[in-house]
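# An overview of the molecular structure
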Amino acid sequence: MDFEPSPYTDFNGAKMLYFASYPIISDIIIRKIINKKKIFNLKKDWAQLTSTVKRDIFYYGNLNLGEKLIVIINDLKKIRKNFYIH
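Presented here is an overview of the structure given in this document. As the structure is a computational prediction, the values presented were derived from the model and not from experiment.

Among the structural elements, Ile39 can be located in the loop between helix H1 (21-36) and helix H2 (46-49). In the structure, Ile39 is positioned 25 residues away from Ala14 in sequence and 38 Å away in space, judged by C-alpha atoms. Residues within four places of Ile39 in sequence aside, it is in contact with Ile33, Ile34 and Leu76.

Let's shift gears to the packing of aromatic side chains. The final tally for this structure, using the stated rule, is one aromatic pair. Judged by centre distance (6.3 Å) and plane angle (15°), the rings of Phe40 and Trp46 are stacked. Residue Trp46 is classed as buried on the basis of its relative accessible area of 8%.

Counting ten residues, the largest nonpolar core is built from Phe3, Phe11, Leu17, Tyr22, Ile25, Ile29, Ile33, Leu63, Leu69 and Val71. Among the elements that make up this core, the one with the highest residue count is H1 (four residues).

End to end, H1 covers 22 Å across 16 residues, agreeing with the expected 22 Å (1.5 Å per residue, within 8%). Within H1, burial applies to Ser21, Tyr22, Ile25, Ser26, Ile29, Ile30, Ile33 and Ile34. Where H1 ends, the next residue or the one after it, Lys38, has phi of about 55°, a positive value.

Rules behind the numbers
Residue positions are given per chain, counting from 1 as you read along its sequence in written order. Only residues with pLDDT of at least 70 get local features here, since the model is predicted, and only at 80 or more are side-chain atom pairs given and counted; chain-wide, interface and lining totals rely on the full set of residues. Heavy atoms throughout the structure, all of them, feed into the side-chain values; hydrogens and water do not. Strands are runs of DSSP state E lasting at least two residues, helices are runs of H or I lasting at least four, and both sets are numbered from the N terminus onward. By definition, residues are in contact when any of their heavy atoms lie within 4.5 Å. Between 30 and 60 degrees the pair is tilted, below 30 it is stacked and above 60 it is edge-to-face, where a pair is any two Phe, Tyr or Trp rings, Trp via its six-membered ring, whose centres lie within 6.5 Å. For every residue, the accessible area (1.4 Å probe, protein chains only) is compared with the maximum for its type, and the residue is labelled buried under 20%, exposed over 50%, or partly exposed between those bounds. The criterion is simple. A nonpolar core is a set of buried Ala, Val, Leu, Ile, Met, Phe, Trp, Tyr and Cys residues joined through side-chain atoms within 4.5 Å. Multiplying 1.5 Å by the residue count of a helix minus one yields the expected span of that helix.

Rendered as structure tokens:
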């Protein structure tokens, strides 16, 4: 899924995407994917059932205003009551 960050909240005055925006954007996209595609057949919204306990983010360069981020989920697992996304 792709996502175009907000020029009002996600970019700084130098037109660079805030590093702190990447984890937030990741959470937004993952929630949309899981809820939209009905992954795990959850009875409630993904955001109400989970919280992030670990995350690896790699920064390769800046995103320019008007460009979109692409988030790829490589793996989803549910083990007992825990969910794992890679």
